[in-house]
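Understanding the architecture of this molecule
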Amino acid sequence: VALMLLPVGAAAAVPSDSQVVRVQQLLGFDEAFALTMDEKFDRSPELSHYSTSERTCVSGLVRSAFAGAMNNAFRDLFGDAAVVEDWERFAQTPGGARFMEFVRSGVVATVRNQPRPEPEQFMDGLTPAQLDDVARFMSSPAAAVLKRDFPEVDLPQEQQATLAAKVQSQCGVELPRA
């Protein structure tokens, strides 16, 4: 009975779907994902023989599958709903808003094969209050996300097989081998 009275640490809550989507938007991964998928479907020679309707069908299924994989990767990266909440609170500060814009522009530049903005660009013109916002966040446990390796976004073999079967049954074409 005494053991039941001991305080138990709160279990980490897994980030929700809506939290994952919001943090992807904060960091620019929503735009980067769309650009990557557009490039894949607009310029891929493997898909050039598909009709417009077949390409649209395949694109919808592939985007959905990879969006799910991306969501899982972000869920793994952030690990806890409270960490996402800390990022969202930081983004609402003047320094956080500027930091998120810097990160977003770097993510999108990478996908577009353009030069990433330099950290000096971010630092130039920061007010003391914005600098305090950034320093406070960077010393918080939530900032540890920046030190982690980004999880793989590839589809596991069983999901690849399921996707290929869906493409065949719903679009009437075979999914090109990657």
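What this report covers is the structure whose coordinates are included nearby. All values reported here derive from a predicted model rather than from experimental measurement.

Definitions and limits used
Residues numbered from 1 in each chain as written. Predicted model: local features only at pLDDT ≥ 70, side-chain atom pairs only at ≥ 80, totals over all residues. Heavy atoms only, no water. Helix = DSSP H or I, 4+ residues; strand = E, 2+ residues; numbered from the N terminus. Expected span 1.5 Å × (residues − 1). Buried < 20%, exposed > 50% of the residue type's maximum accessible area, 1.4 Å probe, protein only. Contact = heavy atoms within 4.5 Å. Disulfide = S-S within 2.5 Å. Arc of directions from axis to C-beta. Axes fitted to C-alpha atoms, helices over the stretch in contact; angles between N-to-C directions. Parallel < 35°, antiparallel > 145°, perpendicular 65-115°, else oblique. Left-handed = near helix turned anticlockwise from the far one by under 90°. Nonpolar A, V, L, I, M, F, W, Y, C, P; charged D, E, K, R; others polar. Core = buried A, V, L, I, M, F, W, Y, C linked by side-chain atoms within 4.5 Å.

Glancing now at helix H6 (residues 94–111). Between its first and last C-alpha, H6 extends 26 Å over 18 residues, near the 26 Å set by a 1.5 Å rise per residue. Burial in H6 covers these residues: Gly95, Gly96, Phe99, Met100, Val103, Gly106, Val107, Val108 and Ala109. Looking at the buried positions of H6, the neighbouring elements they touch are helix H2 (17–27), helix H3 (29–43), helix H5 (81–91), helix H7 (119–123) and helix H8 (128–138). At the C-terminal side of H6, asparagine 113 shows a positive phi close to 55°.

Using the criterion set out here, one finds one disulfide in the structure. Put simply, cysteine 57 and cysteine 171 are joined by a disulfide, and their sulfur atoms are 2.0 Å apart. Because the sign of the S-S torsion sets the handedness, a value of about -80° for the bond joining cysteine 57 and cysteine 171 places this disulfide among the left-handed ones. Separated by 114 residues along the polypeptide, cysteine 57 in helix H4 (residues 52–78) and cysteine 171 in helix H9 (residues 157–171) bring together distant segments of the chain.

This paragraph deals with H8. Within H8, burial applies to Gln130, Asp133, Val134 and Phe137. Across the axial projection of H8, the buried residues extend over an arc of 90°, all falling on one side. Projecting away from the buried face of H8 at angles above 90 degrees are the exposed residues Pro128 and Arg136. Tucked into the core, H8 has its buried residues touching H5, H6 and H7.

This part is about the environment of valine 62. Along the chain, valine 62 turns up in helix H4. Separated by 33 residues in sequence, valine 62 and glycine 95 place their C-alpha atoms 37 Å apart. Residues in contact with valine 62, not counting those within four places in the same chain, are Met37, Phe41, Leu163 and Leu175.

On to the environment of valine 103. Relative to the helices and strands, valine 103 is located in helix H6. For valine 103, a relative accessible area of 18% puts it in the buried group. As for valine 103 and phenylalanine 29, which are separated by 74 residues in sequence, their C-alpha atoms are 9.7 Å apart.

This paragraph deals with the packing of H4 against H9. The geometry of H4 relative to H9 is characterised by a closest axis approach of 10 Å and an angle of 150° between their N-to-C directions. Taken together, the axes of H4 and H9 are roughly antiparallel relative to one another. Considering only the axes of H4 and H9, their crossing is right-handed. Along its contact with H4, which presents Glu54, Cys57, Val58, Leu61, Val62 and Ala65, the element H9 presents Leu163, Lys166, Val167, Gln170 and Cys171. The residue inventory of the contact of H4 with H9, partitioned by class, reads eight nonpolar, one polar and two charged.

This part covers the nonpolar core. Ranked by internal contacts, the top residues of the largest apolar core, which has 39 residues, are Leu27, Val58, Phe78, Trp87 and Met100. Within the residue set of this core, elements represented by two or more residues are H2, H3, H4, H5, H6, H8 and H9. With near-sequence residues (within four places) excluded, methionine 100 lies in contact with Leu26, Leu27, Trp87, Phe90 and Ala91.

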